Amino acid sequence: MREGGPGRQRLARGLRLAAGAACVVCVCALGSLSAQAGLAADAYRDLAPRDGSGPASTGPARSWQDDLPRAIAWLEVEGTPISYPAMMPDEGEAAHFYLDHDAWGSPSPWGCPYLDTRCEPQAAHRLVYGHSTGFDSLMFEPLRRAYTTAVFNGIGSARWTDRTGASVAYEPLCALRVPADFAPIQQFSLSEDEAGPFALALAGEASVRAEGWREQAMRAGRVLTLATCAGAQTGTDERTLVIFTATDA
């Protein structure tokens, strides 16, 4: 018996064409998002501070301090493409304003790294959020799987440079995969003397740690936490926390 008449054959052919068209749309959409991600990364790269060495020693045409008056610092992480301004929402703005706005205040699906508004200016702990984007070179995606040994071992020191040019280097201590409401990280008014025990307690719960982590934690005068979604998509219920420490306060 013949399987299917002309009508069914036309339907099958139509479904194949529709599926092919859908694939083209998906590929085009992915290509568009990838292009947008590249442009977003380039916009920040143009402002990145230079260290005075190498072919870029003449520095950028623009200064991030001049171009981004609302940025509180510049954040870099060695071993990754992370080099972005760190923002702080203004009074009257939502605490997570920069989750879906760029450093210029324009709507953006990538957002921009930003400091938790509960962090007190002189406190010894800074908690900074950034998106995991699905694009290896954009925002905090390079940190998403930092709770694994392979990724953590590739992360170098983090540098925090404020608007005056003063810079602090933080060394990676540990990384954790935790629930989004993980309470122990929510310490925002630590003194210098409290930074070490705080770092030690976090490292005790971590899945990966630096060599000599106990001694490093107890020497800490400052702690920097970089937080992002642990899942491949934003909005998941787990976070990756990468903990860095500095000895000076």
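For clarity, every value in this text was computed on a predicted model and none was experimentally measured.

Q: Pulling in residues and values, what's your account of the pairing of strand 8 (residues 222-229)?
A: Summarising burial for strand 8: 8 of the 8 residues are buried, a large majority. Of the pairings in the sheet, the one linking strand 8 to strand 9 (residues 238-246) comprises 8 bridges and is antiparallel in character. Residue pairing across strands places Ala227 opposite Leu241, the latter belonging to strand 9.

Q: Requested: an account of the packing of aromatic side chains, with residues and values cited.
A: Tallying each qualifying case throughout the model produces 6 aromatic pairs. Ring geometry for Phe97 versus Tyr98: centroids 4.9 Å apart, planes at 90 degrees, classification edge-to-face. In terms of burial, Phe97 and Tyr98 fall into one category: buried. Grouped by ring-pair contacts, the aromatic residues Tyr44, Tyr84 and Trp104 constitute a single cluster. Positioned above the aromatic ring of Trp213, the side-chain terminus of Arg209 is 4.6 Å from the ring centre.

Q: Kindly report on the confidence of the model for the chain, identifying the contributing residues and their values.
A: Looking at the chain as a whole, the pLDDT averages 82, with 76% of positions reaching at least 70. This stretch, residues 1-31, has a pLDDT under 50; its non-local contacts, to residues over four places away or in other chains, come to 2 contacts. Within the model, the stretch residues 52-60 combines pLDDT values under 50 with 7 contacts to residues more than four positions away or in other chains.

Q: Describe the nonpolar core, listing the residues and the values that go with them.
A: If you look at the biggest cluster of nonpolar residues, it comprises 65 residues, and the most contacted ones within it are Trp160, Leu224, Leu226, Ile243 and Phe244. Top element by residues in this core is strand 6 (residues 167-179). It accounts for 7 residues. Once you skip the residues sitting within four places of it in the chain, Leu224 turns out to touch Leu75, Arg126, Val128, Ala158, Trp160, Tyr170, Val242, Ile243 and Phe244.

Q: Outline unusual backbone geometry, supporting the account with residue identities and numerical values.
A: Here Met139, not a glycine, exhibits a phi torsion of approximately 55 degrees, which is positive. Relative to the elements of secondary structure, Met139 occurs in the loop between strand 4 (125-129) and helix 3 (149-152).

Q: Could you give an account of helix 4 (residues 192-204), with specific residues and numbers?
A: All of the buried residues along helix 4 are Ala195, Gly196, Phe198, Ala199, Leu202 and Ala203. Looking at the buried side of helix 4, the elements it contacts are strand 4, strand 6, strand 7 (208-209), helix 5 (213-218), strand 8 and strand 9.

Q: If you had to explain the pattern of salt bridges to someone new, which residues and values would you point to?
A: Evaluation of the coordinates by the stated rule reveals 5 salt bridges. The partner of Glu93 in a salt bridge is Arg70, with the nearest N and O atoms 2.5 Å apart. With Glu93 in the loop between strand 2 (83-87) and strand 3 (114-115) and Arg70 in the loop between helix 2 (64-67) and strand 1 (71-77), this residue pair connects regions lying 23 residues apart in the sequence. On the basis of relative accessible area, Arg70 is assigned to the partly exposed category, the value being 27%. Close ionic contact of Asp116 with Arg118 constitutes a salt bridge, the shortest N to O distance being 2.9 Å. Linked by salt bridges that have partners in common, Arg70, Asp90 and Glu93 make up one network.

Q: Would you mind going over the environment of Ala86 in detail, with residue names and values included?
A: Note on placement: Ala86 falls in strand 2. When its relative accessible area of 0% is taken as the criterion, Ala86 is described as buried. A sequence separation of 26 residues divides Ala86 from Cys112, and the C-alpha atoms of the two residues are 7.3 Å apart.

Reading the values: the criteria
- Residues numbered from 1 in each chain as written.
- Predicted model: local features only at pLDDT ≥ 70, side-chain atom pairs only at ≥ 80, totals over all residues.
- Heavy atoms only, no water.
- Buried < 20%, exposed > 50% of the residue type's maximum accessible area, 1.4 Å probe, protein only.
- Helix = DSSP H or I, 4+ residues; strand = E, 2+ residues; numbered from the N terminus.
- Pairing = 2+ DSSP bridges.
- Phe/Tyr/Trp six-rings, centres within 6.5 Å; stacked < 30°, edge-to-face > 60°.
- Lys NZ or Arg CZ within 6 Å of the ring centre and 35° of its normal.
- pLDDT = per-residue confidence, 0-100.
- Contact = heavy atoms within 4.5 Å.
- Core = buried A, V, L, I, M, F, W, Y, C linked by side-chain atoms within 4.5 Å.
- Salt bridge = Lys/Arg side-chain N within 4 Å of Asp/Glu carboxyl O.

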